[in-house]
Amino acid sequence: MKGRITSCKHRMEDSMTVEQQRGYAGDAQVTPRLAGDGVPVAGELVGQQAVTASEASRGLATMALMEMICERSNLNLAYERVVSNGGAPGVDGMTVDALKSWCRSQGTQLIGSLLDGSYQPQPVRGVQIPKPDGGQRQLGIPTVVDRLVQQAIAQVLTRLIDPTFSAHSYGFRPGRSAHQAVRQGAAYVAEGRGIVVDIDLEKFFDRVNHDILMARLARHVSDKRLLRIVRRFLEAGLMQDGVCARRDEGTPQGGPLSPLLANLLLDDLDKELERRGHRFCRYADDCNIYVQSPAAGERVLASVTTFLEGTLKLRVNSAKSAVAPAGERTFLGYRLLAGGRLGLAPSSADRCKDRLRRLTRRNRGKALEEVVGEINRFTAGWLGYFRYAECRSWLRDVDGWLRQKLRCYRIKQAKRAKGIADFLRSCGIPERTAWATAACSRGWWGKAFTPGAKHAMDQAWFDRLGLIPLTQRHMALNQP
């Protein structure tokens, strides 16, 4: 197939059973020993002199993972996903479009370096993006080839490791979503657990301890070639402003492998919370625990903080973590209201209006029809996510505000008084009223508020323009 890696030299000779493919999860007593190159040896117990037969058979399931990663079908799927995701180039400047020709010429060498464990990732390109609540988030953009390799590894490891994860983990997992997490949290509130322990991990992706993470991976993986390559990805330098900084901790967001590794590390937290019998939901590094009283919440917050900082070497942000009624906190953009109802978080509402405000700026210089198309695409996606929020009155207000913004946009496009009057007359407005609106001295926004402008650009006019009201979309999404 064109543009794909089409050969793999060393394939697995024997098919694996379903049990083998599930892999060996290990338990909390497994303490990996570090080999000379810093790669944990999987499945070695403290004080044990020999590996039992059952442990050896389980270990065989993960001895040849690199051969599975290099299978043609797996690499082809990884190629398709990297190309479909697009994204910016890494430090080498190679674009996604150039990956096809690179695979044709270098695919065999790539497979060889993966199979013998010599593959060396390049540094990631560091990018700072603003967070919705302030501050900066560090992203790391791997090269296109490194993204291909990470995607191929993630596909195999997900099949092996994901079945061992907690049912309370919803982020970046096959068949799971933020909606499931929010609705489960709402169900806990409906049960009477109206106090939430909202735990915020400070710069989680920047503070992941490499040794602890590799130890968790070694519980599942016995292929030392794969362990070495994953560690090299973790330790790849971060290139920013022309300077390449060494990384001793963290797994910057941006690579296909990072979400799986984050879930792998935080699965220890999930298992600990399950052991204690807590009701909780976790989506990536966003974890909410639901309890029945503030006093219980304070105890839980203190004990979980000790576990996270002592065992996983992560830092809890005390300023953002809190024990509070569920309705006073936000979870994945929603508010969890009394009785298990879902509301819209104020920050989510503000971000929606900010985006609409940017789309309707009067100095954009775009045709009104094009602006309306952009608005429709945005609101379709936004309401697709917030479809479960009870916010109909707010949506009605936004619809009215948005129509007013678009009236103002259209009047400014007419520029001069004659152009405004001509436009209003073309909409059926009497000449005297049209000129009264055009002569209004209250600016563009004031002109849009005049009766002439409102009658000319009424609901039927917006319907012909193709604007779909938010209330209409929300109602259609929630029809039984």
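Structure report, in brief. None of the values given here were measured: they were computed from a predicted structure. (Residues numbered from 1 in each chain as written. Predicted model: local features only at pLDDT ≥ 70, side-chain atom pairs only at ≥ 80, totals over all residues. Heavy atoms only, no water.)

## Here we look at the overall build of the protein
In terms of regular secondary structure, the protein is built from 21 helices and 13 strands. With 480 residues in all, the protein has 49% of them scored as buried. For the protein, long-range pairs separated by at least 24 residues make up 74% of all intrachain contacts whose partners lie at least 6 apart in sequence. Summed over all atoms, the accessible surface of the protein reaches about 22,700 Å², with 50% contributed by carbon and sulfur. (Helix = DSSP H or I, 4+ residues; strand = E, 2+ residues; numbered from the N terminus. Buried < 20%, exposed > 50% of the residue type's maximum accessible area, 1.4 Å probe, protein only. Contact = heavy atoms within 4.5 Å. Areas by Shrake-Rupley, 256 points an atom, 1.4 Å probe, with all protein chains shown as cover.)

## Examining the nonpolar core
Core analysis: the biggest nonpolar cluster contains 71 residues, and Leu157 and Ile289 have the highest contact counts within it. The biggest single contributor to this core is helix α6 (residues 144–161), with 11 residues. Setting aside residues up to four positions removed in sequence, isoleucine 289 forms contacts with Ile195, Val196, Val197, Ile199, Leu273, His278, Arg279, Phe280, Val300 and Val304. Of all hydrophobic cores here, the second largest spans 58 residues; its members include Leu368, Trp401, Ala414 and Ala448. (Core = buried A, V, L, I, M, F, W, Y, C linked by side-chain atoms within 4.5 Å.)

## A few points about the sheet that holds strand β10 (residues 322–325)
Pairing within the open sheet is antiparallel, and its four strands lie in the order β8-β9-β5-β10. Of all the strands in the sheet, just β8 (279–283) and β10 have a single pairing partner and so form its edges. Each adjacent strand pair in this sheet contributes to an overall mean axis angle of 20°, direction not counted. Running over the sheet, helix α11 (residues 258–275) touches β8 and β9 (286–291) and is turned about 175° from β8. On the sheet, helix α12 (residues 294–310) packs against β5 (195–200), β9 and β10 and is oriented at approximately 25° with respect to β5. (Pairing = 2+ DSSP bridges. Axes fitted to C-alpha atoms, helices over the stretch in contact; angles between N-to-C directions.)

## Some points on the side chain of aspartate 198
Relative to the elements of secondary structure, aspartate 198 occurs in strand β5. Within the structure, the side chain of aspartate 198 is placed 3.2 Å from the side chain of arginine 329, a separation counted as a polar contact. When residues no more than four places from it in sequence are discounted, the contact partners of aspartate 198 are Asp286, Cys287, Asn288, Lys320, Ser321, Ala322, Arg329 and Thr330. (Polar contact = N/O pair within 3.5 Å; in protein donor to acceptor, adjacent residues only side chain to side chain.)

## Some details on the environment of leucine 356
Mapping leucine 356 onto the fold places it in helix α13 (residues 346–359). A C-alpha to C-alpha distance of 7.6 Å links leucine 356 and leucine 402, two positions 46 residues apart in sequence.

## A short note on the sheet that holds strand β13 (residues 342–344)
Strand pairing in a sheet relies on backbone hydrogen bonds, with the paired strands running either antiparallel or parallel. If you walk across this open sheet you meet the three strands as β11-β12-β13, and the pairing is antiparallel. Only two strands of the sheet have a single partner each, and these edge strands are β11 (330–331) and β13. In this structure, β11 lies alongside strand β12 (residues 334–336), joined through two bridges in antiparallel fashion. Pairing of phenylalanine 331 across the sheet is with tyrosine 334, part of β12.

## Focus on the packing of helix α4 (residues 72–85) against helix α5 (residues 99–115)
Remark: α4 packs on α5, axes separated minimally by 13 Å, with the N-to-C direction vectors making an angle of 145°. Two packed elements cross with a definite hand, and for α4 against α5 that hand is right-handed. Between α4, through Leu75, Tyr79 and Val82, and α5, the contact on the second element is made entirely by Leu99, Lys100, Cys103 and Ile111. Classifying every residue of the contact of α4 with α5 by side-chain character gives six nonpolar, no polar and one charged. (Left-handed = near helix turned anticlockwise from the far one by under 90°. Nonpolar A, V, L, I, M, F, W, Y, C, P; charged D, E, K, R; others polar.)

## Focus: the state of the cysteines
One pass over the structure, following the stated rule, counts zero disulfides. No disulfide involves cysteine 281; its sulfur sits 8.4 Å from the nearest other cysteine sulfur, which is in cysteine 287. (Disulfide = S-S within 2.5 Å.)

## Looking at the side chain of arginine 473
Along the polypeptide, arginine 473 turns up in helix α21 (residues 470–477). For arginine 473, which is buried and forms no salt bridge, the nearest opposite charge comes from aspartate 399, at a distance of 8.4 Å. In contact with arginine 473, not counting residues within four places along its chain, are Asn376, Thr379, Ala380, Leu383 and Ile468. (Lys, Arg positive; Asp, Glu negative; His and termini not counted. Salt bridge = Lys/Arg side-chain N within 4 Å of Asp/Glu carboxyl O.)

## Section: unusual backbone geometry
Negative phi characterises most residues that are not glycine, and trans characterises most peptide bonds. Its identity is not glycine, yet alanine 284 carries a phi of approximately 55°, on the positive side. Along the chain, the position of alanine 284 falls in the loop between β8 and β9. Overall, alanine 284 belongs to the buried group, its relative accessible area being 9%. Positive phi values are uncommon outside glycine, yet lysine 415 reaches one of about 70°. If you trace the backbone, lysine 415 turns up in the loop between α15 (392–414) and α16 (417–426).

Functional significance is not addressed by these values, which are geometric in nature.
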